[in-house]
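The lines below spell out each chain.
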Amino acid sequence: MERFSQDMPLLEGDDFFKNLDMMEQDFLIEGDIQDYDEDGEMELPSEEDETIVESPDYPDTPDERLSKQEQLRMMHLRSHLNQITEKVKHHQYMTDKTRDELKQCRSKIMELEAERNETRDELQNQTSDGNQSAIYRLRATHDRLSQEILDERQIEKLILERLEKEEYELNKVEVERGKFLLAEDELVKREDRLAKEKTDLAIRRLRKEEKKAAQAERNLRNQHRTHYEIMREKQRLQDQLAENAKQSSEKHSKFVSDTMHKLKQRQEEENKRYQENMTKKMDMLLKLKSDIQANRDNLKALRARDKAAERREEEKLEQVRQKILEEGGNPDQILLIQKRISDVQRQKSNFESEQREKQAALMEKILIEEERMKRRKQQQPLLWADPNREKTKMIGPQKKKPLKTFQEYTRLTGEGTDLSIDLHDSMDDQEKYDGEKMQGEDRGDITLPEQPVRDEQSSDSSDGDDNDENAVDLAKPEFEGLWDHHKPYTMPKDLDASPLKLPGASKMDKAIMDEVLEKHRAGIVIKQVAAGREFKGCPFYSKPDVIHFKDFDVGKTYKKKVTLTNVSYTVNYCKYIDITERLKDFINIHFDPPGQMSAGLTCEVLVTFKPMINEDLEGEVKFLSQTGPFSIPLKCTTKKCDLSVDTDVIQFGTTVIDETLKRTFTLTNKGALGTTFEFFKVTGSKAKTATSAQTSLGRMTEDVTTSQAVTPAQDGEDRTKKEAQDQPEKGEMKPDNGVAMDTEGQTGEEGQQEADVPDQADGIEGGLSPDIQVSEYDDYGTLDGMKVGPISTGEIPPFSSTKLEIIWNPSVPGKADVEFLVRFTDPLSESISIRALGSAIDVPVWVERQSVDLKICLLDRLYQDTIIVNNRATTALRLKFEVCKELRNHLELLPKTGYIQAQSQFSAQLKFLPRASLFEEGGRYFDKETGVLEAPMTIRVADQTAPVPFTVSAVVTNSDMEFDVQDIDFGCCTIYESNKTTIKLTNKSILPQEFGFVGHPDYVEVQPNDGFGTLLPLETIELDVIFSPKKARDFKFELNCKSIINREFKIQCKGVGVYPPLELSNQVIHFAATSLYDVSTASLHVVNSHTSMNEFTHPVPRIGKGEIAPVGPTSFEFVVPKGAPVTISPSVGTIQPGEKCRVEVRFAPTLNEADVVKEAIRMATRQMELQAEKEYQEAMKRQKEAEESLAMERYKKSAPAAGGKKGAPAAAKGAPTKGKATPGNTMLTVSGPSPVSPPKPEDITKDSTAYASAVGSLLRHFRGKFQSLTVPCYVASGETTNPGELPYSIHNTLYVELHCPTVKPSLVVISDSGKTTTHFGDVSLGQNIFKSVTIQNISSKTVELSSSVLDTNGPFQVVNAFRVLPPDATHTMLLSFTPSAGRVFQEVLSVHCETGSLHVTLMGKGVSPLVSLSPNVAENGVMDMGSVLAGEYLEKTFKMQNTSSLSIKYSIKLESLSLLRHAHAQELPKFLAGKSNTLVGVQNNNGHNVFDLVPAEGCIEPGGSVEITATFSPDHASDLYSDGVKIELFGKEESQSFQIKGTGKSKIMFIEGGDPLKPDLESLAVKLTPHIEEEDLKLILPPVLVTLRSTALEDSFVPATRDIYVGCVRTMAVSQKKELKPGYRNGEFTFENIQSITQKGFNIDPQKGMVEAGVLKPVTITWTPPQGFIQNEVCETSVVVTLKGDVAEQFRILLRAMVVSK
């Protein structure tokens, strides 16, 4: 209800119900409230719910229930009624309050009137008495009372007016509430009804919950019952199992005893064997130990020899170095060169050895490969050519079937011969092909890399192959290397007309063979005569007449069926003869001879084509008929481009200049290969480079008859440019197996990579090549106006066409003859030239100004200009002025139509009135961002197609000024401060505008210039709006900014005035000029003047109109900005009402850390540069001396033989330039000062000398600085808390401004690099140390020095007196330090002068000597040495470190050697007295010390350490060895004390842990050992008692756990290797008969294991009380554990367990 009452406005009457209907729709979206339960889930009524809950009063039908709309209306109505009620109460309260005020005002008036009457009466009495002083006093009182009465009358009038207003409002609200009386009654009834429905719903839900709870309780009882039955069944089964186990144990006990006896015997035998093996192993280990020692000695000797050799090498090297230095050379350079030469020689030898190894490995692989090839030739001889074998395959002419000669030919090849039988009827193609090949070879600049491949493939083909052989792809050999030794096919030069060649045949044989063939042909061919006419022509007609395989792809198979029709007169025969030779590798003819065919009959021929190369093929299929041979042409063509245009000349005709004409032509590709075209203009273009293309086979194409030779440089450049393009083509031409031809060598590969020579054509203007690319041109022909259309480049697919466009826009009158070129990337397609012709004439009408510039125009202002039109024609013309449609509302040309006379002018008026809608209507003519308007205007001329255009341009701008904010919220501001907000005012116009802020209230100020100024075009300025409230209230106002054209721009502002609970005595503090590293102080008061909450008598602290701050203690907190040189004390405090607190502000200026580091780096760098320069000068001096001495020596050497050795000095002089220094050549080459690297900033710390020097340098050059700081003071009501946790309100924050001037100091420290901290270091107590500090006066005045008083009881003291210090003079202070305690001392000595103070920090440390032990050997004051065999010893080391800064003398003393030992021995033992003062335990019986620490005395340097070796050597077995150790310093002060203990064992394996069975004190009395037989002694086992306590809970027990430890002593007699042989460890243990203790609840983990030497292994014993265990009984049992070390030993573990309470 509260939410609705807050958000919903108060409506009156029927308006409320109208608004209520509209709000119902929004509420219905939220869904059905009653359908969801409290968890947010849908509440679906079940059948049980319907049957259980039956309420006769609850409405069951939807009509009886209150709907959601009704509930919503009730809620809103109740909210509205509550608002009205609240208003009634409020106005009633205000009315009553106003009446009370009126009553009080009238009573006060009556009192004042009564007092005035009394005063008047008294005045009359005094007047009668003549008392003038009383008369004056009473008259003043009477006047004051009269004035107060008048004021009260005025207040009464105001109160009456307010009372009437409140009564009116009260009556108005009561009337409003009366309108809803009936509605309220109805609402109460409905609310009662709704409450009843909710109560019924709650009852239903309660019943449902009770039913669910009862059901859950029943389920829980069932679960408990089931669980109880299961537990009873488990208990029964467990009892039964226990009974069975007991019976089984009794039955098998006798067998167990026998088994144990056998196991014991076997164990004894194993122990015996183990002892023998251990004896052998010990002997072997002793021998091994001696061998190891011998090897160590040998290694020491070898090491000593190597070290001696190294020392000799170093001495030799040092001698060489000294020798070089004596000779004046550079030993480092010479030795480095020698070292590098030796390294190079070593690397060279290593490289040569590696090369020899690699060559040997390569030769080995070659021999293996040759051997493998020999074996392969023997296994597969058919893979290699054999001349003898090939001769056996020669086939001669068959006599019975002479026609076979026309179908087959046999190619015989050998190593030295190349014989071929070629039956080829038409040699034109082959001769043409060979002629091109020879022509390419004669030119020498174009290679044909594919020719050898083609000839070789042809030479390997045979016409005798069957269909399967023809299907083989000859482009890829079956085996690698078959083609390596074949030469390319070449056409024989002695080719005669004879179609047949026989190897070894004579001329007569050939003539006979030709004659036989002619006779054979003559016998076959018969003339056909029918009806007296002889048949002439082709006897058979083929369909198709040409077998054409078009657009084939390599690798695919194509088939065509050819129909042959007998067109002769009578019966005829048809027989397949042959096919052209070069087609046999790819064409297979399948033809079944039909026999005798009558005229008109047909037969079919199947032609199969499987291309292997991407090349055009032509030939014919030859047939023989009865009337003679005939052939069918056969063509195989690759995919090509067939490009053409519909016209090569385009006529534009005659047009007027500046008109644009477009002509298109169609480029058609009728081929099956797509290509990319480039359409460009040739005329007026300048060529840069030229390129050429290759075919898919790698050949070059030439489109012109003349060519230019390619120079090697151009060839290489072209090859580089075309390398990436040629890679795919090379991949197509290589065989699939990647084998290259040996006959071509590198020529074939280079031919595929080379670029073609650029061609030059004679038929094109300018001598330009048709193959020139468009991208390689610069267009210089734009004056003719012709250009290529939008499509200049693109791809034309196969069997498609595209339209290309030429655009002509002439700008100069005259004829135009321009040539365009269409160039293709396909190398086989020639470029197509297009010629464009046209004639341009000038227009008769023109305007003087093609562009009318209106400059800058403002919106809604009118601008005019005159347009002058000229007519050069001899006739009058009609003009029509047109404005584009988008700008007709802004631009206008008058008149719109006019006539211009012949050879005269016409003036038109241009009116431009830009409106705000120009930004939407301008379209593409107006740029919204820049405001530039370019309006194209048109003048239409009668009988002239091309209009006369001109442009009207203007820059349209507005007069807007814009603020960066729409409103300003100053927030809360105290009445003592001002809030400043910076706003930005931007001039959106491109013209300057004047502005001013007017009409703002007095508590607001705009700066600078009081809010007046001029804004330049597009300028943005920042203005400060200052808000200074005078009292605590809410402020809301607006800032009004007016421009020069009276436009207003407003900003809404608001703020809150705050009266804080505290106030500051000073808002601004001005510090005096303070020197660096000096201190200035100032003070202020924080005042709590809030003592009353009566707002009517005086202003009270509050935030705006908020609550009044409570009267009471008020806290404050000053927060100084980080890094500011200011401290405030106290920064936190609490002030009671009416009190004030004094606050001290301290200003201590220092230099900036970054500036000091920068200065330190500069000074260090400068010093290093000076040092480098000094070294450089010294090196130059040495070099000059060396050159002079060398020149003198050369002169002396060259004097006897002046003419013979002139070249020697030059050679010697040139030697040093190579960088080699020899003993005879001492010259140096100095290039200049060595570069310096400045130190890193992080290397310069405050404690470094460089930092102090930098501070001194900056102090001397400091020029002063002024700094202003603002420190906030947070205020909160109540007591103060920890700093930083004050629960303050940010609105009550006070601010204090600090003005901090900094000046140059007068005094600086010049000793110790300018450090102001004097550290005496660590001084022993009572020692007196003196140090001096020198200060200098760096000011220009004489100063008188004085100092502060040091602590009279402190260790520091000033020894000498101060004096007057002139400018630049120095004074040395002598200081002493005498520590009296071991701690750090620090004091500040202030040296004062008239202008400032110098603060010197004195530090020192009184040191008392201290040592520390590392590692922490004495944990809990006890150092455990561990276990060792009796008669052996164990050593451990630890370090004793001097942690003080003084040298320490120490001595280590044992308590067993103390003189008081016997006195301590008289005390009662620990087990009787409960405690003992002595740390000495059992000692050796032989009189020697059990423990020894070496060295026992010595001296430790500051920070140093000494290693102490502790030795433990017991002479008998005992676990109670111990002693006390004390470390004394300087012979008197005890620094460390601890107890050292250890255990002596008689055997390697032992057990620790358990309960103590005897006192921890060993008796010195002699024990009498009774005589016991050995067998009985074995049965007595050493006991170990372990007590376990289990905690009893309500229904269970907590298992008890305890650990015992099995250890193995590290002995000196046996090597401590982990394994001497597989399976052996240093020690083993085994627990026996575990089953007996398991039944009682005991468990041991692990039951057996291995223990390494020097290790304690824990064994965990766990006891869980068994089922049915009685808690008040003790469970006892035992188990035997066997330890196997040097000997086998058994212990009895006594286990005692009990149950204890928690």
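Residues numbered from 1 in each chain as written. Predicted model: local features only at pLDDT ≥ 70, side-chain atom pairs only at ≥ 80, totals over all residues. Heavy atoms only, no water.

(A) Inspection of the overall build of the protein at higher detail. When helices and strands are counted, the protein shows 23 helices and 81 strands. The burial tally for the protein puts 34% of its 1702 residues in the buried class. The contacts of the protein with a sequence gap of at least 6 include a subset with a gap of at least 24, amounting to 73%. Just so you have it, the protein exposes about 103000 Å², and 51% of that area is on carbon and sulfur atoms. (Helix = DSSP H or I, 4+ residues; strand = E, 2+ residues; numbered from the N terminus. Buried < 20%, exposed > 50% of the residue type's maximum accessible area, 1.4 Å probe, protein only. Contact = heavy atoms within 4.5 Å. Areas by Shrake-Rupley, 256 points an atom, 1.4 Å probe, with all protein chains shown as cover.)

(B) Structural context of the sheet that holds strand S11 (residues 617-625). Spatial ordering of the open sheet is given by S6-S12-S11-S8, a layout of 4 strands whose pairing is mixed. Whereas interior strands pair on both sides, the edge strands pair on one side only; in this sheet they are strand S6 (547-552) and strand S8 (574-579). Taken over all neighbouring pairs, the strand axes of this sheet differ in orientation by 20° on average, direction set aside. The pairing of S11 with strand S12 (residues 628-638) spans 9 bridges and is antiparallel. What sits directly across from Lys622, in S12, is Ser631. (Pairing = 2+ DSSP bridges. Axes fitted to C-alpha atoms, helices over the stretch in contact; angles between N-to-C directions.)

(C) Inspection of unusual backbone geometry at higher detail. Along the chain, Leu894 connects to Pro895 via a cis peptide bond; the corresponding omega equals -5°. Along the chain, Pro895 turns up in the loop between strand S28 (891-894) and strand S29 (897-900). Across the junction of Val1494 and Pro1495, the peptide omega takes the value -5°, indicating a cis bond. With respect to the helices and strands, Pro1495 occurs in the loop between strand S67 (1491-1494) and strand S68 (1497-1500). Phi is positive for Phe799, close to 55°, though the residue is something other than glycine. Within the element layout of this structure, Phe799 appears in the loop between strand S20 (793-796) and strand S21 (800-808). Look at Leu1018: it is not a glycine, yet its phi comes out positive at around 55°.

(D) Main features of the packing of aromatic side chains. Counted under the stated rule, the structure contains 35 aromatic pairs. Between the aromatic rings of Phe665 and Phe679, the centroid separation amounts to 5.4 Å while the plane-to-plane angle is 80°, which identifies the pairing as edge-to-face. Placement of Phe665 in strand S15 (residues 661-669) and of Phe679 in strand S16 (residues 675-681) is noted, with a sequence separation of 14 residues between them. For the residue pair Phe665 and Phe679, the accessibility class agrees, reading buried in each case. Pairwise contacts between aromatic rings join Phe540, Tyr576, Phe591, Phe623 and Phe630 into one cluster. Here the basic side chain of Lys1331 rests over the ring of Phe1320, its NZ or CZ set 5.9 Å away from the ring centre. (Phe/Tyr/Trp six-rings, centres within 6.5 Å; stacked < 30°, edge-to-face > 60°. Lys NZ or Arg CZ within 6 Å of the ring centre and 35° of its normal.)

(E) Highlighting the pairing of strand S49 (residues 1132-1135). Only one face of S49 is covered, namely the one carrying Gly1133 and Ile1135; the face carrying Val1132 and Thr1134 has none of its residues buried. Relative to S49, strand S47 (residues 1114-1118) is paired through 4 bridges, and the arrangement is antiparallel. Bridge pairing in S49 links Glu1117 to Val1132.

(F) Molecular detail of the pattern of salt bridges. All chains considered together, the criterion is met by 40 salt bridges. Between Arg1142 and Glu1144 there is a salt bridge, and its shortest N-O distance comes to 2.7 Å. The class for Arg1142 is partly exposed, based on a relative accessible area of 48%. A relative accessible area of 25% places Glu1144 in the partly exposed class. With a closest N to O distance of 3.3 Å, Lys1453 and Glu1528 form a salt bridge. Residue Lys1453 is found in strand S66 (residues 1448-1454), and its partner Glu1528 is found in strand S70 (residues 1518-1529); the two are separated by 75 residues along the sequence. Overlapping salt bridges bring together Arg106, Glu113, Arg153 and Glu156 as one network. (Salt bridge = Lys/Arg side-chain N within 4 Å of Asp/Glu carboxyl O.)

(G) Structural view of a nonpolar patch on the surface. On the surface, Val256, Met260 and Leu263 cluster together into a nonpolar patch covering about 260 Å² of accessible area. The topology assignment puts Met260 in helix H6 (residues 181-326). (Patch = residues over 30% accessible without salt bridge, like charges linked within 9 Å, V, L, I, M, F, W, Y side chains within 5 Å.)

(H) Molecular detail of the packing of helix H17 (residues 1153-1198) against helix H19 (residues 1249-1260). At a minimum axis distance of 8 Å, the contact between H17 and H19 shows a crossing angle of 105°. Overall, the two elements H17 and H19 adopt an arrangement that is roughly perpendicular. For the pair formed by H17 and H19, the contact residues are Glu1153, Asp1155, Val1156, Glu1159, Ala1160, Arg1162 and Met1163 on the first element and Ala1250, Tyr1251, Ser1253, Ala1254, Val1255, Ser1257 and Leu1258 on the second. In terms of residue class, the contact of H17 with H19 is made up of 8 nonpolar, 2 polar and 4 charged. (Parallel < 35°, antiparallel > 145°, perpendicular 65-115°, else oblique. Nonpolar A, V, L, I, M, F, W, Y, C, P; charged D, E, K, R; others polar.)

(I) Highlighting a positive patch on the surface. On the surface, Arg296, Lys300, Arg303, Lys307, Arg311 and Arg312 cluster together to form a positively charged patch. The topology assignment puts Lys300 in helix H6. (Lys, Arg positive; Asp, Glu negative; His and termini not counted. Charge placed at Lys NZ, Arg CZ, Asp CG, Glu CD.)

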